[in-house]
Amino acid sequence: MASETQPVPPSTRIMSIDALRGFDMFWIVGGDKVFLALVALFVSPIPAAVKEQMTHVPWEGFVAWDLIMPLFLFIVGAAMPFAFAKRVQPDRSKLAVYPRILVRVLVLWVFGMIVQGNLLAYDPSNLYLFSNTLQTIAVGYLVASIALLHLPLIGQVGLTASLLLGYWLIMTLAAVPGHPAGMMEEKLNFARYVDQVVLGPFHREAWNYTWVLSSMSFAATVLLGVHAGQILRCGRSQAVKVLALVGLGLGCLAAGWLWSHWFPINKRLFTSSMVLWAGGWSYLLLALFYLVIDVAGFRRWSFFFVVIGANAIAAYMLTHVPGFRKIWYEIVDVFTANLTPCLGACQESVQHVGAFALLWLLLFYLYRKKSFLRV
C-alpha cells in the first residue's frame with residue numbers, strides 16, 4: 001500500500017515525456033517535410049486531406065498541425081513537477097528557486113526574439129518583442145512555476161479554470177473602441193487591440209496571432225501539462241495513471257467541443273475552447289506514450305524521438321534561426337549534386353530527408369556526448 005501512496009521519486013525518469021517531446025519537436029524542426037516527401041514517393045499527387053492536416057487553419061477550426069504548439073507547451077508543464085521536486089527542498093526557501101526561473105524566462109524570451117523577433121537584424125524599426133512560441137513557453141512557465149511553488153493542488157486547478165474563464169469573459173464582454181463587444185474577426189478583436197496598445201511599434205501587424213492577452217491561455221495550457229505531470233509523479237498504480245490521463249483527455253475534448261459553440265476553437269487567438277481541445281489530444285497522446293513506453297516497456301522505437309527531445313531547444317534554434325535551415329540543404333546538395341539525373345522526381349524528397357538526417361545525427365552526437373542545451 002505504501003508504494004501506491006508515495007510519489008514517484010524526482011530522480012525517476014519518465015521516458016514517455018522525453019519521447020513525446022521529441023515526437024512534437026520532430027514535426028517542428030522539419031518532420032512535416034520529411035513526412036510529405038515520403039508520402040509523395042508512394043502517392044502522387046499527395047491527397048489534399050493529408051496536405052490539409054500539415055497546414056495551419058487560417059482562422060477558426062483545428063487540424064493536426066494546430067496541435068504542435070499547444071502540445072509543446074503542455075509537455076513543458078508535464079516535466080515541471082519532476083523538476084521542481086528536485087529543486088524545492090523542505091529546508092530551503094522557495095524564493096531561492098526564483099533566480100533560476102527568471103533566468104530561464106529571460107533566455108527563452110531572447111531566443112524567441114532571435115528566431116522571429118528580428119533581434120539579430122539590429123533594426124529597432126523591425127523588432128518584435130512578443131512573436132514566438134518560445135516566448136509563450138516563457139510566460140506559461142513563469143505562471144506555472146509560481147503556482148507550483150505557492151498553491152496547493154486544488155488552487156492550481158482553480159487557477160487553470162480561472163485563466164480560461166477569465167480570457168473568455170474578457171474576449172466576449174470587452175470591446176474595441178468604436179465597435180461592439182465580442183468581435184472575433186482577424187483584424188478586429190480585443191486581444192489584437194491589446195497587443196497594439198501594449199506592444200505599440202513592436203507589434204507585428206501582418207500576423208493574425210495574438211500574444212499579450214492570450215498569455216492567459218498560454219499559461220493555462222502549461223498548467224494542463226503540470227496536472228498531467230502530477231498524475232505521473234503520484235504513487236498510484238500505472239493503470240490508474242493511464243486511466244486518469246485518458247479520462248482527462250476525453251473530458252477536455254468534450255468540454256472544448258461544447259465551449260466552441262460560444263467561444264470558437266481558434267489557435268490564432270488561442271481561445272479557451274482551443275486550449276481544452278488541444279489539451280484533450282495532448283492528454284491522450286501522453287497516455288498512449290506512457291502506456292507503450294513506460295508501462296508495456298516497448299522503448300527501443302522511441303529512441304529516435306528521445307534524441308530530439310533531449311536537446312529540444314537546440315534543435316529548435318538550429319532550424320529556426322534565419323539561415324540555419326538553408327545550411328542543411330546546402331550540405332545535402334553537395335553530396336547529391338552528381339545524382340540529380342538519377343534521382344529525378346525523388347530529388348526533393350531526398351533533400352528533405354537528407355537535411356533532417358544531418359540534424360538528427362548532430363543531435364545524436366550531442367546526446368552521446370551528454371551535451372544538452374539546458375534553459
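So, how was this worked out
Residues numbered from 1 in each chain as written. Predicted model: local features only at pLDDT ≥ 70, side-chain atom pairs only at ≥ 80, totals over all residues. Heavy atoms only, no water. Helix = DSSP H or I, 4+ residues; strand = E, 2+ residues; numbered from the N terminus. Rg over C-alpha atoms; globule rule 2.2 N^0.38 Å. Buried < 20%, exposed > 50% of the residue type's maximum accessible area, 1.4 Å probe, protein only. Areas by Shrake-Rupley, 256 points an atom, 1.4 Å probe, with all protein chains shown as cover. Lys, Arg positive; Asp, Glu negative; His and termini not counted. Charge placed at Lys NZ, Arg CZ, Asp CG, Glu CD. Contact = heavy atoms within 4.5 Å. Polar contact = N/O pair within 3.5 Å; in protein donor to acceptor, adjacent residues only side chain to side chain. Axes fitted to C-alpha atoms, helices over the stretch in contact; angles between N-to-C directions. Left-handed = near helix turned anticlockwise from the far one by under 90°. Nonpolar A, V, L, I, M, F, W, Y, C, P; charged D, E, K, R; others polar. pLDDT = per-residue confidence, 0-100. Salt bridge = Lys/Arg side-chain N within 4 Å of Asp/Glu carboxyl O. Phe/Tyr/Trp six-rings, centres within 6.5 Å; stacked < 30°, edge-to-face > 60°. Lys NZ or Arg CZ within 6 Å of the ring centre and 35° of its normal. Parallel < 35°, antiparallel > 145°, perpendicular 65-115°, else oblique.

Caption draft 1: Here's a closer look at the overall build of the chain. Of regular secondary structure, the chain possesses 16 helices and two strands. Relative to the 2.2 N^0.38 estimate, which gives 21 Å for 375 residues, the radius of gyration of the chain is 21 Å and therefore close to what a compact globule would have. Projected onto the principal axes, the alpha-carbon positions of the chain cover approximately 65 × 60 × 40 Å. Taking all 375 residues of the chain together, 50% fall into the buried category. Of the roughly 17,700 Å² that the chain leaves accessible, carbon and sulfur atoms contribute 69%. In the chain, which carries 26 positive and 17 negative side-chain charges, the distance between the mean positions of the two groups comes to 13 Å.

Caption draft 2: Molecular detail of unusual backbone geometry. Its identity is not glycine, yet F270 carries a phi of approximately 50°, on the positive side. Structurally, F270 is set in the loop between helix 10 (238-259) and helix 11 (272-295). For F270, a relative accessible area of 1% puts it in the buried group.

Caption draft 3: Fine view of helix 8 (residues 190-199). Buried within helix 8 are the following residues: F190, A191, R192, V194, D195 and L199. Where helix 8 is buried, its residues contact helix 7 (153-173) and strand 2 (188-189). For helix 8, the N-terminal cap is N189; the gap from its side-chain oxygen to the backbone nitrogen of A191 is 3.3 Å. Looking one or two residues beyond helix 8, the residue adopting positive phi is G200, at roughly 55°.

Caption draft 4: Spatial organisation of the packing of helix 4 (residues 68-87) against helix 6 (residues 133-150). One way to put it is that helix 4 packs onto helix 6 with a least axis distance of 10 Å and a crossing angle of 35°. By crossing handedness, the relation of helix 4 to helix 6 is classed as right-handed. Residues M69, F72, L73, V76, M80, P81, F84 and R87 of helix 4 touch helix 6, and the partners they reach there are T133, T136, I137, Y141, A144, S145, L148 and L149. Here the residues of the contact of helix 4 with helix 6 sort into 12 nonpolar, three polar and one charged.

Caption draft 5: Region of interest: the confidence of the model for the chain. Per-residue pLDDT for the chain averages 88, and the proportion of residues at 70 or more is 90%. Overall, residues 1-5 carries pLDDT values under 50, and its contacts beyond four positions in sequence, including any with other chains, amount to four contacts.

Caption draft 6: Up close: the side chain of D18. Locating D18 in the fold gives a position in helix 2 (residues 15-42). One polar contact links D18 to R21, side chain to side chain, over a distance of 3.0 Å.

Caption draft 7: Quick peek at the environment of M274. The topology assignment puts M274 in helix 11. For the pair formed by M274 and A19, sequence separation is 255 residues and the distance between their alpha carbons is 24 Å. Leaving out residues up to four positions away in the same chain, M274 has contacts with F62, P70, I265, N266, K267 and G279.

Caption draft 8: Summary view of the pattern of salt bridges. Applying the stated criterion to the full structure yields three salt bridges. We note a salt bridge from E205 to R192, for which the minimum N-O separation is 3.1 Å. You can see E205 sitting in the loop between helix 8 and helix 9 (215-233) and its partner R192 sitting in helix 8, a full 13 residues away along the chain. Judged by its relative accessible area of 39%, E205 falls in the partly exposed class. Where R299 meets D294, a salt bridge forms, and the shortest distance between an N and an O atom there is 3.6 Å. On the basis of relative accessibility, which here comes to 38%, the residue R299 falls in the partly exposed class. Given a relative accessible area of 12%, D294 falls into the buried group.

Caption draft 9: Main features of the packing of aromatic side chains. Overall, the coordinates contain 29 aromatic pairs when judged by the stated rule. Ring geometry for F190 versus Y193: centroids 5.8 Å apart, planes at 40°, classification tilted. Residue F190 and its partner Y193 are both found in helix 8; the two are separated by three residues, about one turn of the helix. For F190, a relative accessible area of 17% translates into the label buried. Between R204 and the ring centre of W207, over which it is positioned, the NZ or CZ distance is 4.3 Å.

Caption draft 10: Region of interest: the packing of helix 9 against helix 11. Put simply, helix 9 and helix 11 touch, their axes get as near as 10 Å, and they point 25° apart. On the basis of their axis angle, the class for helix 9 and helix 11 is roughly parallel. For the crossing formed where helix 9 meets helix 11, the hand is right-handed. Taken together, the residues of helix 11 that come into contact with helix 9 (itself represented by S217, A220, T221, L224, H227, A228 and L232) are V275, G279, Y283, L286 and Y290. Among the residues forming the contact of helix 9 with helix 11, the class breakdown is eight nonpolar, four polar and no charged.

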